[in-house]
Amino acid sequence: QVQLVESGGGLVQPGGSLRLACAASGSIFSGNVMGWYRQAPGKQRELVARITYGGSTNYADSVKGRFTISRDNAKNTVCLQMNSLKPEDTAVYYCRLESQWTGYGYWGQGTQVTVST
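Quantities reported herein were computed from a predicted structural model and do not represent experimental measurements.

Engineer: Can you tell me about the sheet that holds strand β1 (residues 2–7), naming the residues and giving the values?
Structural biologist: Pairing is antiparallel in the open sheet, where four strands are placed in the order β1-β3-β8-β7. The open sheet has two edge strands with one neighbour each: β1 and β7 (67–72). Strand-to-strand twist across the sheet, computed as the mean angle between neighbouring axes with direction ignored, equals 15°.

Right under this line is the structure:
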């Protein structure tokens, strides 16, 4: 089993920044991919950004140029730096760790991000 614990969510004004962090523990398998997904009320969960063990990244078009994902393999952590936040970024953000070969993985419990005046 793998446990994922997120932190860093909160309320921020439009144009502001937040940094999300996720720490993984337990039976972490090698060659994993870590990522962030989000789910807004009434919408499906969607990919925000993901990063391979080797550091390759991909982002949703809606966050490119504003969000940056990074990871520390030694500490089993992944972070999401979110800049220039917009109201439409409001959602529950979930951390995920999965096998790059099978796609099988684990979810964190989620952290709320609210962008509002």
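Engineer: Tell me what's going on with the side chain of Arg-38, and back it up with residues and numbers.
Structural biologist: Along the chain, the position of Arg-38 falls in strand β4 (residues 32–39). Only 2.8 Å separates the side chain of Arg-38 from the side chain of Glu-46, close enough to count as a polar contact. When residues no more than four places from it in sequence are discounted, the contact partners of Arg-38 are Gln-44, Arg-45, Glu-46, Val-48, Ser-62, Val-63, Phe-67, Glu-88, Asp-89, Ala-91, Val-92 and Tyr-93.

Engineer: Please give an account of the packing of aromatic side chains that cites residues and values.
Structural biologist: In this structure the tally under the stated criterion is four aromatic pairs. Measuring from centroid to centroid gives 6.5 Å for Phe-29 and Tyr-106, while their planes differ by 35°, and the two rings are tilted. Remark: Tyr-106 occurs in strand β10 (residues 105–107) and Phe-29 occurs in the loop between β3 (18–26) and β4; sequence separation between them is 77 residues. Given the relative accessible area of 15%, Tyr-106 is considered buried.

What counts, and at which threshold
Residues numbered from 1 in each chain as written. Predicted model: local features only at pLDDT ≥ 70, side-chain atom pairs only at ≥ 80, totals over all residues. Heavy atoms only, no water. Pairing = 2+ DSSP bridges. Helix = DSSP H or I, 4+ residues; strand = E, 2+ residues; numbered from the N terminus. Axes fitted to C-alpha atoms, helices over the stretch in contact; angles between N-to-C directions. Polar contact = N/O pair within 3.5 Å; in protein donor to acceptor, adjacent residues only side chain to side chain. Contact = heavy atoms within 4.5 Å. Phe/Tyr/Trp six-rings, centres within 6.5 Å; stacked < 30°, edge-to-face > 60°. Buried < 20%, exposed > 50% of the residue type's maximum accessible area, 1.4 Å probe, protein only.

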